[in-house]
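One-letter residues, chain by chain:
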Amino acid sequence: MAGLVNNLLILFLIFQNSCLAFRSPLSVFKRYKDSAKSHSNECLGSNRQLVPLSLSDFALDIRMPGVTPKQSDTYLCMSVRLPVEEEAYVVDFKPHASMDTVHHMLLFGCNNPSSDEDYWDCDGGTCTDTSNILYAWARNAPPTRLPKGVGFKVGGEEGSKYFVLQVHYGDVSAFKDKHKDCSGVTLHLTNQKQPMIAGMYLMMSMDTVIPPGEKAVNADIACSYKMYPMHVFAYRVHTHHLGKVVSGYRVRDGQWTLIGRQSPQLPQAFYPVENPVEIKYGDTLAARCLFTGEGRSSKTFIGGTASDEMCNFYIMYYMEAKHAVSYKTCTRNIDPEMFRNIPQEANIPIPVKPDMTMVHGHHEEAKSGDTVSVMQQPKRDEEEVLDQGDFYSLISKLLGEREDVVHVHKYNPTEKAESDLVAEIANVVQKKDLGWPDAREFSNKDERANAILVRDRIHKFHRLESTLRPPENRHLALQPPKPGSGNWEKERTGDLNIEEVVDWPGINLKLGQVSGLALDSNSNLVIFHRGDHVWDANSFDSGYIYQQKGLGPIKESTILVLDPNSSAVLHSTGRNLFYLPHGLSIDHNGNYWVTDVALHQVFKLASNGAESPLLSFGRALQPGSDKNHFCQPTDVAVDPVTGNIYVSDGYCNSRIVQFSPDGMFVMQWGEESSVGQTKPGQFSIPHSLTLVSDFGQLCVADRENGRIQCFKPETGEFIKEIRHPLFGREVFAVSYAPGGLLFAVNGKPYPGDTVPVQAFVMNFSTGEIIDTFIPLRKNFEMPHDIVASDDRTVYVGDAHTNTVWKFASPEKMEHRSVKKAGIEVQEIKEAEAVIEARLTNKPMSKELLKKEEKHPVVQQASTGVSVVLITTLLIIPIIVLLAIAVFIRWRKTRIYGGKGGGGLNLGNFFASRAGYSRKGFDRLSTEGSDQEKDEDDATDSEEEDAVPHPPAIPPSS
């Protein structure tokens, strides 16, 4: 019997040790904090931090340790070891950098960094072994988003053990003040296995030559795909100044399927593919870059300077974990003849507005005739690169005369040889350039020619468009986000969090019904309101004739221009002109365009305060549906490029009307919604318009159909619909902010509906909801219009509460940044203070507690589950042991007739064992308490009324 007891106790010890062996991210954080190298970091104020997010997830901060580059085009590297030995997955990235100081950042995964210093010059490379590119950023790009279930695998037996951050500092004039830079990226990692592994496929042309004056020059790339299926979910294009359009395709059985097509002169983001594309064994991947040689007096070659060109098409993909390959390249054209059948769209440049163009190359290009000045770059007699020749010979030279690999790949392209070459190219690509080659010297066998390929080929990654999850179909009917997903999960579906600016005094303005909002060229807020007039059930008869003409026009100023910070009224206009104001927009010349639903008219007004319209459309107080009449028109949009005028008409007409810049009728489209399911191009009160300049679309808030429809403005051709269950039955207004974000507000729920009235931030490309927001002061009742600025400041006007709210991201409102570096110091210091308090059991200040409630630093996803799990694991063995003790006691009582034979003393048993310590138990208890956080403090938003008010009569307001 004693042997049985001993065996049971041994099993208990094993079980208890296995429980202790389960390390939460908090214990990993403690271990990592003790073992990590100490870095001098004047920006962060402390060492790098590992932040636990849940039992399985943690965040790893990778930052430059307070560096000051001395000269332009400096490449600095630093490394961070993965804090866990087991396999982990990177599922999210959050950059911390500013385009003012950083040209681009690359994050590599490898096992042997080139140096063990805190940071080093990347001249010596980033890694000494094969490395994989995990992330890239440039020009204030938002975070990269991976689809759910997809991650970059690191750690374990096969994954990378180190992260190496490479930062390219382009123009160091930003460091004249000698400030320290801590640019970098925060990774979200999980130890939960991901079914799909992410990777990058780079297609690049190596030998294109662009003749001077040539109008159209094609650079074609094509490779056969000989691996397991990969699923493409995002793409990016890159050229320098001469590139007009870059297109990528999958070719299968002669059919060309578009992966992505974009102008390289637009922000060079990773864009989600419009429709999911699967690449299978036997497919061909093809890409074309369209260049022009116009404006050049000499040949242009592929290279890294501003006077050179590049032709790159990047593909982000995922594969099943068991077949995953994280990096692939294609630098050939296996079948030039196939490009005779390339879709014609690949040969058509994409028009780009001058204010949307990006700076290309490693330096800014400054032209004076054909002269190109490369900033901060030492002058060479000839800034040219290889004009022709054998790419494989160049690879051979780079690989140290590895003719075996090159020869086999060129003449016997087996899968093994191709994978070997890809690995070797990856080694070369991740190193910084060793010099600037000269084409003539190369022809004389100068060894410096290898710098062409050694140069960092994957550079200047521009802003990464939020969420890369591809849409399931063209009509976006997406599910609402699941509640309780935590702040980090919320960020994974988008990069923007919006809250009310609670100290903005504009909420206290005395206004009438707020019907329209706009922003002028100085970012001043312009409000269109109804003064003492009110739209109610008595305003119109059944024929839409205004019934309150006897009141006369509104006597006070209906258009107010406000300072965006102080809300002070800068100037006003619009007296004695309007009866029931509705829509407002401002054209690129600063003119106001307004609609009046009582007058059934549209007006163009000068912004200088003149009280008479510059242009009028429609007949005063006469509703109609022909070319010369409107019926309660709702909004106006003016194309800044063409000058065309678009009017949404309106409450009693269901159409969009287009006019020429001089006011002549051009065309109209739209019809009343049919009974049952509404069709594209049908409207039930087209209530608000916004021009989506980045995509060349005009979007309409189709109010009573609860959706947003987008069209080609020149033709009225339907492009897509965005509809969400969270919209409810109505969408009142829509506004687009450059960079890919769409903002909208819905209407008050009908009786029985549970969808709250709120505002939305959406990814325009995918239609996915990034964030929803409501005010803290007062409540939305009928948010009637919304407008967003380029910096994502948002204003919402309400026609029932007569209120205007200002919203912005918490970072914009609360965080101070290091000068020109974009590093959120305040946020980091607060995070450190909170974590330190938790680790040392020190009390937090009231201010920190408040901020912690508003912005939790350590995310407690599934906290309740964690507590239950730990408690269960502890209680079960105790219950089993108690049962065993009772059984032994009973047996001994029976055997000895009730006389005790000695009790089972667990304390004495453990104390008698050599090496016994209570520390293991104490540590588990501490970690358990650290995980116990009141989840009720995670929200700071007021609830909407439980019982919704009856809705307003649909034709009103």
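What you see is a predicted model, and the numbers here were worked out from it, not measured in a lab.

### Remarks on the pairing of strand β34 (residues 633-638)
Turning to step 1, where the next piece is worked out: Across the 6 residues of β34, 6 count as buried, placing the element largely inside the fold.
Turning to step 2, where the next piece is worked out: As judged from the 5 bridges shared by β34 and strand β35 (residues 645-649), these two strands associate in the antiparallel manner. Along β35, the bridge assignment pairs A637 with Y646.
Turning to step 3, where the next piece is worked out: Count of turn residues in the β34/β35 antiparallel hairpin: 6 residues, of which G643 carries a positive phi of about 80°.

### Side note on the state of the cysteines
Turning to step 1, where the next piece is worked out: Under the definition given, this model contains 6 disulfides.
Turning to step 2, where the next piece is worked out: One disulfide in the model links C223 with C330; its S-S distance is 2.0 Å. Disulfide C223-C330: torsion about the S-S bond near 90°, hence right-handed. Taken as a pair, C223 in strand β13 (residues 217-224) and C330 in strand β21 (residues 327-330) lie far apart in primary sequence, 107 residues in all. We note that C223, like C330, is buried.
Turning to step 3, where the next piece is worked out: C289 shares a disulfide with C311; S-S distance 2.0 Å. Between C289 and C311, the S-S dihedral sits near 85°, and the bridge is therefore right-handed. Taken together, the residues span a long stretch of sequence, with C289 in strand β18 (residues 284-291) and C311 in the loop between β19 (300-301) and β20 (312-320) at a distance of 22 residues.
Turning to step 4, where the next piece is worked out: Counting only the cysteines that form disulfides, in the order they appear in the protein chain, gives the pairing 1-3, 2-4, 5-8, 6-7, 9-10, 11-12.

### Notes on the sheet that holds strand β37 (residues 665-669)
Turning to step 1, where the next piece is worked out: The sheet built from 4 strands is open, its strands ordered β34-β35-β36-β37 with antiparallel pairing. Strands at the two margins of the open sheet, each flanked by one partner only, are β34 and β37. In this sheet, adjacent strand axes meet at a mean angle of 20° when their direction is disregarded.

### Quick word on the pattern of salt bridges
Turning to step 1, where the next piece is worked out: Per the stated rule, a full pass over the model turns up 15 salt bridges.
Turning to step 2, where the next piece is worked out: A salt bridge links E85 to R81, with the shortest nitrogen-to-oxygen separation between them at 3.3 Å.
Turning to step 3, where the next piece is worked out: Residues R707 and E721 are paired through a salt bridge, measuring 2.7 Å at the closest nitrogen-oxygen approach. Taken together, the residues span a long stretch of sequence, with R707 in strand β42 (residues 707-711) and E721 in strand β43 (residues 718-723) at a distance of 14 residues.
Turning to step 4, where the next piece is worked out: You can call R707 buried: its relative accessible area is 0%.
Turning to step 5, where the next piece is worked out: A residue is classified by how much of its surface remains accessible, and E721, at 9% relative accessible area, is buried.
Turning to step 6, where the next piece is worked out: What emerges from the salt-bridge pattern is a single network uniting D702, R707, E721 and R723.

### Here's the deal with the confidence of the model for the protein chain
Predicted coordinates in areas of low pLDDT are best not read in detail.
Turning to step 1, where the next piece is worked out: Across the protein chain, the average pLDDT comes to 75, with 65% of residues at or above 70.
Turning to step 2, where the next piece is worked out: Overall, residues 814-832 carries pLDDT values under 50, and its contacts beyond four positions in sequence, including any with other chains, amount to 57 contacts.
Turning to step 3, where the next piece is worked out: Segment residues 850-866: pLDDT under 50, and 46 contacts once partners within four positions in sequence are set aside and those in other chains are kept.

### Let's talk about the sheet that holds strand β49 (residues 794-798)
Turning to step 1, where the next piece is worked out: Strand order in this open sheet of 4 strands is β25-β50-β49-β48, and the pairing throughout is antiparallel. Each having just a single partner strand, β25 (499-500) and β48 (783-788) make up the two edges of the open sheet.
Turning to step 2, where the next piece is worked out: Bridge analysis of β25 against strand β50 (residues 803-808) gives 2 bridges, and the strand direction is antiparallel. Bridging across to β50, E500 finds its partner in F807.

### Observations regarding unusual backbone geometry
Turning to step 1, where the next piece is worked out: Residue D649 is joined to G650 through a cis peptide bond whose omega torsion reads -5°.
Turning to step 2, where the next piece is worked out: Tracing the sequence through the fold places G650 in the loop between β35 and β36 (655-659).
Turning to step 3, where the next piece is worked out: Located in the positive-phi region is N576, a residue other than glycine, with phi close to 55°.
Turning to step 4, where the next piece is worked out: Within the secondary structure layout, N576 lies in the loop between β29 (569-573) and β30 (581-586).
Turning to step 5, where the next piece is worked out: Taking relative accessible area as the criterion, N576 reaches 48% and is therefore assigned partly exposed.
Turning to step 6, where the next piece is worked out: Backbone geometry at N802 places phi at a positive 55°, although glycine is not the residue there.
Turning to step 7, where the next piece is worked out: For N802, the position within the fold is in the loop between β49 and β50.
Turning to step 8, where the next piece is worked out: When its relative accessible area of 24% is taken as the criterion, N802 is described as partly exposed.

### Side note on the UniProt feature "binding site: Cu(2+)" (unreviewed entry) in the protein chain
Turning to step 1, where the next piece is worked out: The sites that carry the UniProt feature "binding site: Cu(2+)" (unreviewed entry) are, in the present numbering, H103, H104, H168, H238, H240 and M310.
Turning to step 2, where the next piece is worked out: Here H103 is to be found in the loop between β4 (88-96) and β5 (104-110).
Turning to step 3, where the next piece is worked out: Residue classification places H103 among the buried positions, given a relative accessible area of 13%.
Turning to step 4, where the next piece is worked out: One can find M310 in the loop between β19 and β20.
Turning to step 5, where the next piece is worked out: A relative accessible area of 1% means that M310 is categorised as buried.

The rules behind the values
Residues numbered from 1 in each chain as written. Predicted model: local features only at pLDDT ≥ 70, side-chain atom pairs only at ≥ 80, totals over all residues. Heavy atoms only, no water. Buried < 20%, exposed > 50% of the residue type's maximum accessible area, 1.4 Å probe, protein only. Helix = DSSP H or I, 4+ residues; strand = E, 2+ residues; numbered from the N terminus. Pairing = 2+ DSSP bridges. Disulfide = S-S within 2.5 Å. Axes fitted to C-alpha atoms, helices over the stretch in contact; angles between N-to-C directions. Salt bridge = Lys/Arg side-chain N within 4 Å of Asp/Glu carboxyl O. pLDDT = per-residue confidence, 0-100. Contact = heavy atoms within 4.5 Å. UniProt positions renumbered as here; feature names shortened; annotations may be inferred.

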